Number of protein chains: 4
Amino acid sequence: MTEPFVYKRRVQFAETDMVGVLHFANYYRLMEECEHAWWRSLGLNVVMEDTDPPVSWPRVATACEYFEPARFDDELDLSLIVEHVGSRSMTYEVVFRRGDDRLAAGRATIVCCATIDGRFRAVEIPNELRVKLPTTRSTGG
Amino acid sequence: MTEPFVYKRRVQFAETDMVGVLHFANYYRLMEECEHAWWRSLGLNVVMEDTDPPVSWPRVATACEYFEPARFDDELDLSLIVEHVGSRSMTYEVVFRRGDDRLAAGRATIVCCATIDGRFRAVEIPNELRVKLPTTRSTGG
Amino acid sequence: MTEPFVYKRRVQFAETDMVGVLHFANYYRLMEECEHAWWRSLGLNVVMEDTDPPVSWPRVATACEYFEPARFDDELDLSLIVEHVGSRSMTYEVVFRRGDDRLAAGRATIVCCATIDGRFRAVEIPNELRVKLPTTRSTGG
Amino acid sequence: MTEPFVYKRRVQFAETDMVGVLHFANYYRLMEECEHAWWRSLGLNVVMEDTDPPVSWPRVATACEYFEPARFDDELDLSLIVEHVGSRSMTYEVVFRRGDDRLAAGRATIVCCATIDGRFRAVEIPNELRVKLPTTRSTGG
């Protein structure tokens, strides 16, 4: 993928903490919102009931680095880049910017899962879905 | 019910906002935690899969009045009193105190529902559950 | 005010709960977002540091009724109507709709406060702010 | 530090999502609660106003791996181990367990900061605070 997907998001009051900044855990909620908007931009949804089997994408690892705090009412640009698509998983990075300032950078590895007997089970990414994903240097996973 | 059920809860950092106080919407989360602890104190659970039919308790109305702000690390006492048990619903009040200070008072009306075709449907409170509930002046509802 | 202020908001995944619906406490966060967008539509901000004195608007009472659940990815319309502007406070209603379906209706009473020695203190609504507010039948408060 | 600090925490209803599990971003809120309980166990607080200068501990990096989902009402044990204490920062790990099952493992690097002109600025960990911290192989940072 050459162009990152950009999601604009204003920091809401309830997302701040008593120090006056966007609470660090809320960056993960914003990353997820950005991912879900990216799925929609592909004509898909993070919960895909039409594929065989129906799949969703639980996270197996997430991380975030924080450079500068974001504050109430800040209008953030979140840029998502898919770094890797494997046979059953995917890793993406989201960079948080306010104007030209790079505030934070997060990363998530998500796994394509069917739900079998109420438990997640990793499955191959269904083909009808894979064809819509960006091509990256895939080497397993 | 003569004695209120008391639930102790410390205000967490992530629950504060940039004004330095417990965010107003989080009182509702605390009320719900208190309710769920109250169900457990009766040997029950808000999601009851053993009754016939299995039931849960969606809210139809909630409200809260705020008298004094709560702050990070405050140790709050939440006192729940069931005000009314109807045939299909129940109303309770939760008072928030810090020591002797009355900080807030909330109220919720919750309805006994089965889930039918993915939709909530109000049902009579199952008997095995009703016998554990406090007696109030019930007049319908 | 004749026309309600409308705020569009998609239900996010993290705002749902295990029953599969928008968690009841999150309606209050959405109401607040709608209010803050309304302040911005007036060229104002809920935290007003330019007035004399600087003021913010803590809530003294909030309430919500729930008619139909909202679900992940639903695109909601929130309509805010100011019901009452008093000398120091204001009450508004927010109706939540999905298309033509009326899902919920909330209400908040907020008080114009200066922060004095770290404590909220109700003050008269500063004039430069009052002139931008809608006119309602004001009778004190 | 030989013994980890253990914090017990029940998964609350509002912390679940529509898939029926503890939402991944909430692990970070639980990690933070555990850290704050650990500060208290040392007779300290994450917001320390008595030191010279007053300090707090913003995060510069957080991460979490997820092995098994946690669910509503699960009673979790969070074990915190300080991995590294530097001159201005600290890194700890928190392991999430339900009974013997290891559900997740998170990590945070937090930096000792004074607030100067409304901005965080990293400072040496004040001595009255450092003497209470566990000794680790400190090598800068």
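Residues numbered from 1 in each chain as written. Chains lettered and ligands numbered in written order. Predicted model: local features only at pLDDT ≥ 70, side-chain atom pairs only at ≥ 80, totals over all residues. Heavy atoms only, no water.

Undergrad: Please set out the relation of the copies chain D and chain B residue by residue, giving values where relevant.
TA: Rotating chain D by 180° and moving it 0.0 Å along the rotation axis overlays it on chain B with an RMSD of 0.0 Å. What the superposition gives is, in effect, a two-fold axis relating one chain to the other. Of every C-alpha in chain D, the one belonging to Arg9(D) sits nearest the axis of rotation, 5.8 Å from it. The overlap is high: 100% of the interface residues of chain D also sit at the interface in chain B, so the same surface is used on both sides. (Least-squares fit on C-alpha atoms with pLDDT ≥ 70 in both. Contact = heavy atoms within 4.5 Å.)

Undergrad: Tell me about empty space enclosed by the protein, and name the residues and values.
TA: The tally for this structure, following the rule as stated, stands at four cavities of 30 Å³ or more. Approximately 160 Å³ is the volume attributed to the largest cavity. If you go around the largest cavity, you meet 19 residues; those closest to its centre are Glu15(A), Arg9(C), Glu15(C), Arg29(C) and Glu33(C). In terms of residues, the lining of the largest cavity owes the most to one element, helix α1 (residues 26-41) of chain C, which gives six residues. Class assignment for the residues of the lining of the largest cavity results in five nonpolar, four polar and ten charged. Of the volumes computed, that of the second largest cavity is approximately 130 Å³. Around the second largest cavity sit 15 residues that line it, and Glu15(B), Arg29(B), Arg9(D), Glu15(D) and Arg29(D) are the ones nearest its centre. The set of elements that each furnish at least two residues to the lining of the second largest cavity consists of α1 (26-41) of chain B together with α1 (26-41) of chain D. Ranked by the residues each element gives to the lining of the second largest cavity, the list is headed by α1(D), at five residues. The residue inventory of the lining of the second largest cavity, partitioned by class, reads three nonpolar, three polar and nine charged. (1 Å grid on protein atoms, 1.4 Å probe; cavity = no way out; pocket = protein on both sides within 12 Å on 5 of 7 lines; lining within 4 Å. Points joined across faces, edges and corners; volume = space filled by probe spheres on them. Helix = DSSP H or I, 4+ residues; strand = E, 2+ residues; numbered from the N terminus. Nonpolar A, V, L, I, M, F, W, Y, C, P; charged D, E, K, R; others polar.)

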